[in-house]
Amino acid sequence: MSLRVARFIYRWRRWLSGFVVIGAVLLAPRAQIQNIDNDLTAWFSREDSVYQDYERFQTEFGGTRTLILAIEAPSRDRLFSAESFDFLTRLSEDIKRVEAVQRVSSLATATIVDALASTPDGDGGLSVRRLLNDLDTSTPEAIGARAIEDELFRGDLISKDGTVTAVVVFFDESRIDDVRADVLARIRQLVSAGLPDGFKAHYNGSLEITEWYNRVTLDNQLKFTPPIFVLTLGALFLMFRSWRKTWLTFGAILVSLFWTLGLYDLFGMSFNVLSSMIVPLVVVLAVADDVHILQHYGHHRRTQSHEDSFIATVSHLLAPIFSASLTTALGMLSLATSQVVAVREFGLGAATGVMVDFAISIILVPTMLAWVKPETTEIPQETWFIGPLRRVAMFSTRHATAVLAIGAVVVAVSVAGATRLKVDTNHINFFSERHELYTSAQVIDTKLSGIYTFQIFLEGGPDVMQRPDVLARMDRLATELSTLPYVKKVTSLADYVKRVHRELNDDRPETYVVPASSQEIAQELLVFGLGDEGRAELDRIVASDYSRAQITVKLASMSSDLVFVQVNEADRLAQSIFADSGVVATVTGSGRLFSTLDHYLVRSQISSFAMAFLMVFTVIFIVFRSWRFGLLSIPPNLFPVLMVFGVMGWLDISLNVATVMVASVALGVVDDDTIHFLNRYRRETHLGATTDEAIETATIHEGRAALTTAIVNCSAFGVLMLSEYQPSAWFGGLLALTMVVAFLAEVFALPATIKTFPKLFGADAVRRADHTAEVA
Amino acid sequence: MSRLLSLFLITPFLHTWAGNERFLEATTFPQSRSAEERGTQIARQVQDRDTGRDSRSTMRMRLFDRQGRVRERALSTLGMKGGAGRAVPGDRSLTRFTYPNDINGTGFLVWENPEGENERFLYLPSLGRVRRIAGSETQDSFMGSDFTYEDIGGREFEDYTYRLIDDTSRWTAPDGTVHPVFRLESRTRDPKAKFPRVVSLVRQDNFVVVRGEVHNRRDELQKVFDVKRLERVNGIWTVLEMVMVDTLQRTRTELVVEKVEYNVGLTAADFSRRALEQGAR
């Protein structure tokens, strides 16, 4: 079968290669991976209940994905000065005019409610006004002190020590993702233009974090793509000492990338941070496939014609490359069931890429090798590796028990490390401690109320939110939520009602309660909402007909898994407190959105990884039509994965949205090595080799290809370890580690397993089993 | 003329003087005058109309939020014009909510003070006492609606500059009749104003503002005012139905004047704190 396919490809190689190259040229313009889709729906399915809750909330109260701008003054005196307040006023006004900005919350826009002192001729009164309106009649210091005293501002807009103030920018979420980068840059310009001397501006918030992801992705592409390609070229040249082979391989990798990314776009899928991982995946697998082809072809070409070498190489490698590609593709395809749109698209894109790369490797590379002169001398890859690998094969076969014992110890240590592994995504900790996102989070977490928020969305009939019992429940829930760990601040409609009630009752502390009658609440809220400031405040927290309201919960920056726990606990409390109240409570907001997204990502990756793992054995079982080989493939595949998890556990690298991708990519590489080795081992046994001879040949040839691939990819992706964005550094480091461990598993664990169980995997057993299968 | 705050003084949007012939005569400007001069003269004439000494009205306000949900409020209002030679130094108004029931009786009294801060008083039945309320801006919301005090009470003439954009436009009334209008642009002199620019359509025959396009600080069209029903009441052209749509916030307020009477003989005592308190009982 393989021979027939090889002959067919050879016969039509020019047409097929022409099609591949023309296709790549046509698809190249679509491979615009730098055009990142920023829309939330690139991640969330519109059918997802978490997204729908957020949409419903957003329709009512606007988006909660904000930019938090913390202005840090050198001292309290400097912050509470006319200069500083003037800056805040101008800045707030200027930001309001920036495209897609919906609302700005700052001391300059803050509304205060005060009791007016009684006059000799009558009762006192109520003042609902802008905080900074008092600048005409009061000192900046007094206004600052007034702001700190106000529990609605303290933490949100001003730090307790009066040195940091926040400007929170809310956006029209239907537009912001299209213009986000420009809008955030414009706001930075406005801040820089007027920032008083000695003041510092810190930027954070969910929108800023998302934008940093994009910046980092693009920056990494810009910074690391050239060295990755140069190092790939350099390593390939070093291994094969042939510029033609080097450029040919490089060209084949580019063709694979153009096809993959072009088809990805053609299928209507959008590029995002996750889909950018398709590039390294395709490069790694393309290098692995092409190295096998170069090595086999080179070996045959020394003694045979191009046609014979072509057919021999393709017929020999068709099954293992196809199997390896298929297992990886099916593993990736299992991601297509993920709840996260971007993961689904990544799965489909990666699966397509892997199979496209298979076709290109098997058609284009051997065809182009016709232009390469036959090797006359040993290439470095042979000179350097054959001898050592022969000795490795001898060691593995002679000391199989010791190898397995060492392997067992390594596995035990790895398992111990793996038990320390945490599923944990902390977006802020992804950045170095010097990074502005990290430092700004520190300032906002320690001085203000934290960078994360989630909301409790309350829905009921008209006027229900004015009912005393419902407001009392809101108040109770807010109190309960405040006791949760990491919660820094909770604000609800009840706080406003209590505030107005107290101020209307001459600021008597005992009147800081929810009034007992609906009429009283309705009238007091009417008064509060008569002015623009009050109306704007109310619009943020309650619907105009009082059928819906929100409670805002602010959290310090932390792992999204902890946020997820908080969100679930808040949900439990809300359901319990609002039971039988006629009000439906839903936890939503950006905190829930992004913690759920991370949860989905890790969960889908873990289940996909498990699926991929099963897939490897199933495909090996089907391709080799042998349960023995399926069984034999377990140790060399399990070993690297366990070891990578173990190293992660010992080094405190969490399983997060970034590192979990490594496992999938690693498995794609690891099973390649295993399949090639087993294919060669089986072939050699069929040709009459003993177990030791077959192991030696497989180690020298397939181990060599694996080692070459590992060297090329380690040198290329190792540069990612220099990235100050930790997920990129982890990805590079762990990928390099995986390649090395996969190679070690192939040349040590696999032969030692074969030797330890000769009745199952020995040459005679394999021959006997295959003969029985053929007869059957 | 002092700033106007109550419904009865809805000068540009609601009322115009009955004897419009005077204005028609005055606005046949020579074409050689600049657009600014012509605009200023039209604005002056809109502003200077006689709107009666006082008024009493009832109206319904329907407030639509961005989800299309509607809240209805019923109000009764009293208004009295102030100024030199009048009973009170500044305009006075008393607005009382009569519906819905939970806010029934809530009253709002405004004493405009030409020399300084306006005084505002509030009466909450649940509290049973009058409370003073600190002031708000002319471009603030009127009773929580999409109208501002300025939309309702009229713009301070001196606070704006004017330009006649054209005098050949036509306005089609809701009943299908077509009227020639002036298209007038007003720009505020206040750099902090929320709505610095308004483009109005002023009917040439009676000088009623029948449409207003209100622009925000980004010069986006934020609000659109439209007259839905315009009739003569006691000889005074009166807008009986109007709507203000906030296109950015996607909210809308409809105001229907159910009954209006002019020159009913109100006195300063009708606008006292006692009246605010007693009237609710």
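Residues numbered from 1 in each chain as written. Chains lettered and ligands numbered in written order. Predicted model: local features only at pLDDT ≥ 70, side-chain atom pairs only at ≥ 80, totals over all residues. Heavy atoms only, no water.

Caption draft 1: Structural context of the overall build of chain A. The secondary structure content of chain A amounts to 28 helices and 10 strands. Principal-axis analysis of the C-alpha atoms places the extent of chain A at approximately 115 × 50 × 40 Å. Counting every position in chain A, which comprises 776 residues, the buried fraction comes to 64%. Across chain A, contacts joining residues at least 24 apart in sequence account for 80% of those joining residues at least 6 apart. When the accessible surface of chain A is split by element, carbon and sulfur atoms take 60% of a total near 28,800 Å². Of the side-chain charges in chain A, 67 are positive and 84 negative, and the distance between the mean point of each set is 10 Å. (Helix = DSSP H or I, 4+ residues; strand = E, 2+ residues; numbered from the N terminus. Buried < 20%, exposed > 50% of the residue type's maximum accessible area, 1.4 Å probe, protein only. Contact = heavy atoms within 4.5 Å. Areas by Shrake-Rupley, 256 points an atom, 1.4 Å probe, with all protein chains shown as cover. Lys, Arg positive; Asp, Glu negative; His and termini not counted. Charge placed at Lys NZ, Arg CZ, Asp CG, Glu CD.)

Caption draft 2: The arrangement of the sheet that holds strand S6 (residues 200–204) of chain A in detail. Residue and element names in this part refer to chain A. Strand order in the open sheet made by the four strands is S2-S5-S1-S6, with antiparallel pairing throughout. Where the open sheet ends on each side, the last strands, each with one partner, are strand S2 (101–105) and S6. Taking each pair of neighbouring strands and ignoring which way they run, the sheet shows an average axis angle of 20°. The pairing of strand S1 (residues 67–72) with strand S5 (residues 164–171) spans six bridges and is antiparallel. Bridging from a neighbouring strand, isoleucine 71 pairs with threonine 165 of S5. The sheet contacts of helix H7 (residues 176–194) involve S1, S2, S5 and S6, and relative to S5 the element is tilted by about 150°. (Pairing = 2+ DSSP bridges. Axes fitted to C-alpha atoms, helices over the stretch in contact; angles between N-to-C directions.)

Caption draft 3: Examining the confidence of the model for chain B more closely. Here chain B shows a mean pLDDT of 82. Residues at 70 or above account for 84%. Confidence, read as mean pLDDT per element, is least for strand S1 (residues 15–16) of chain B in chain B (32) and greatest for strand S9 (residues 178–188) of chain B (96). (pLDDT = per-residue confidence, 0-100.)

Caption draft 4: Region of interest: the sheet that holds strand S8 (residues 487–491) of chain A. All names here are of chain A. Taken in spatial order, the four strands of this open sheet run S8-S9-S7-S10, and their pairing is antiparallel. Either end of the sheet is taken by a strand with one partner, and the two such strands are S8 and strand S10 (584–588). On average, adjacent strands in this sheet sit at an angle of 20° to one another, irrespective of strand direction. Judged from the five bridges that link them, strand S7 (residues 452–459) and S10 form a sheet pairing that is antiparallel. Residue isoleucine 456 lies in a different strand from S10, and its bridge partner there is valine 587.

Caption draft 5: Examining the nonpolar core more closely. Counting residues in hydrophobic clusters, the biggest one holds 282 residues, and the most contacted among them are Ile456, Met465 and Met474 of chain A. Here this core gets 14 residues from one element, more than from any other, and that element is helix H12 (residues 341–368) of chain A. Setting aside chain neighbours within four positions, we find methionine 474 of chain A in contact with Leu458, Met465, Ser492, Leu493, Ala494, Ala549, Ile551 and Phe578 of chain A. Within the second largest apolar cluster, 12 residues are counted, among which are Tyr160, Leu164, Val202 and Val209 of chain B. (Core = buried A, V, L, I, M, F, W, Y, C linked by side-chain atoms within 4.5 Å.)

Caption draft 6: How the structure looks around the pairing of strand S4 (residues 92–99) of chain B. Residue and element names in this part refer to chain B. Counting buried positions along S4 yields six of eight residues, so the element is predominantly enclosed. Relative to S4, strand S3 (residues 70–80) runs antiparallel, the two being bridged by seven bridges. By the bridge assignment, serine 76 is partnered in S4 with arginine 96. Pairing of S4 with strand S5 (residues 107–111), which is carried by five bridges, proceeds in the antiparallel orientation. Note on S5: the bridge partner recorded for serine 93 is valine 110.

Caption draft 7: Summary view of a nonpolar patch on the surface. Residue and element names in this part refer to chain A. Nonpolar side chains collect at one region of the surface, where Phe621, Ile622, Trp627 and Leu631 lie side by side and expose about 420 Å² of accessible area between them. Elements that contribute at least two residues to the nonpolar patch include exactly helix H21 (590–624) and helix H22 (627–632). Among the secondary structure elements, isoleucine 622 is positioned in helix H21. Isoleucine 622 sits in the exposed class, given a relative accessible area of 53%. (Patch = residues over 30% accessible without salt bridge, like charges linked within 9 Å, V, L, I, M, F, W, Y side chains within 5 Å. Salt bridge = Lys/Arg side-chain N within 4 Å of Asp/Glu carboxyl O.)

Caption draft 8: Broad picture of unusual backbone geometry. Residues tyrosine 99 of chain B and proline 100 of chain B are joined by a peptide bond in cis, for which omega reads 0°. Looking at the element boundaries, proline 100 of chain B is found in the loop between S4 and S5. Phi angles above zero are rare outside glycine, and aspartate 580 of chain A is one such case at about 60°. Tracing the backbone through its elements, the reader meets aspartate 580 of chain A in the loop between helix H20 (560–577) and S10.

Caption draft 9: Region of interest: the pattern of salt bridges. Scanning the entire structure with this criterion turns up 62 salt bridges over all chains. For arginine 217 of chain B, the salt bridge identified is with glutamate 93 of chain A, shortest N-O distance 2.5 Å. Separated into two different chains, arginine 217 of chain B in the loop between strand S11 (209–215) and strand S12 (221–233) and glutamate 93 of chain A in helix H5 (residues 82–96) make up a pair that spans both. You can call arginine 217 of chain B partly exposed: its relative accessible area is 25%. Between aspartate 156 of chain A and lysine 554 of chain A there is a salt bridge, with its nearest N and O atoms 3.2 Å apart. Taken together, the residues span a long stretch of sequence, with aspartate 156 of chain A in the loop between helix H6 (140–149) and S5 and lysine 554 of chain A in strand S9 (residues 548–555) at a distance of 398 residues. The class of aspartate 156 of chain A is buried, set by a relative accessible area of 15%. In this structure, a network of salt bridges that share partners links the residues Asp53, Arg56, Glu60, Glu459, Asp545, Arg548 and Arg592 of chain A together with Asp65 and Arg69 of chain B.

Caption draft 10: Just the environment of arginine 502 of chain A, in detail. All names here are of chain A. Inspection of the secondary structure assignment puts arginine 502 in helix H17 (residues 493–504). When the C-alpha positions of arginine 502 and lysine 759 are compared, they lie 87 Å apart, and in sequence the two are 257 residues distant. If we ignore the near neighbours within four places in the chain, the residues touching arginine 502 are Glu151, Asp507, Arg508, Pro509, Thr511 and Tyr512.

Caption draft 11: Highlighting the side chain of arginine 301 of chain A. Residues and elements named next belong to chain A. Mapping arginine 301 onto the fold places it in helix H10 (residues 278–301). Among buried Asp, Glu, Lys and Arg side chains, arginine 301 stands out as unpaired, with aspartate 308 the closest opposite charge at 8.6 Å. Engagement of the side chain of arginine 301 in a polar contact is seen with the backbone oxygen of glutamine 304, the distance being 2.9 Å. With residues up to four places along the chain from it excluded, the contact list for arginine 301 reads His306, Ser309 and Pro374. (Polar contact = N/O pair within 3.5 Å; in protein donor to acceptor, adjacent residues only side chain to side chain.)

Caption draft 12: Layout of the interface of chain A and chain B. Every contact between the two is made by 41 residues of chain A and, on the other side, 33 residues of chain B. Both faces considered, chain A and chain B share a buried interface measuring about 3,300 Å² in area, 44% of it formed by carbon and sulfur atoms. Counting every contact that joins chain A to chain B gives three salt bridges. The partner of aspartate 545 of chain A in a salt bridge is arginine 69 of chain B, and the shortest N-O contact between them spans 3.6 Å. Inspection of the region where chain A meets chain B yields nine residue pairs in polar contact (both at pLDDT 80 or more). Elements represented by at least two residues in the side of chain A that touches chain B include exactly helix H3 (49–61), H5, strand S4 (125–130), helix H18 (518–528) and helix H19 (532–541) of chain A. The element contributing the most residues to the side of chain A that touches chain B is H18 of chain A, with seven residues. Tallied by class, residues from the side of chain A that touches chain B come to 13 nonpolar, 13 polar and 15 charged. (Buried area = accessible area lost by both parts, 1.4 Å probe. Nonpolar A, V, L, I, M, F, W, Y, C, P; charged D, E, K, R; others polar.)

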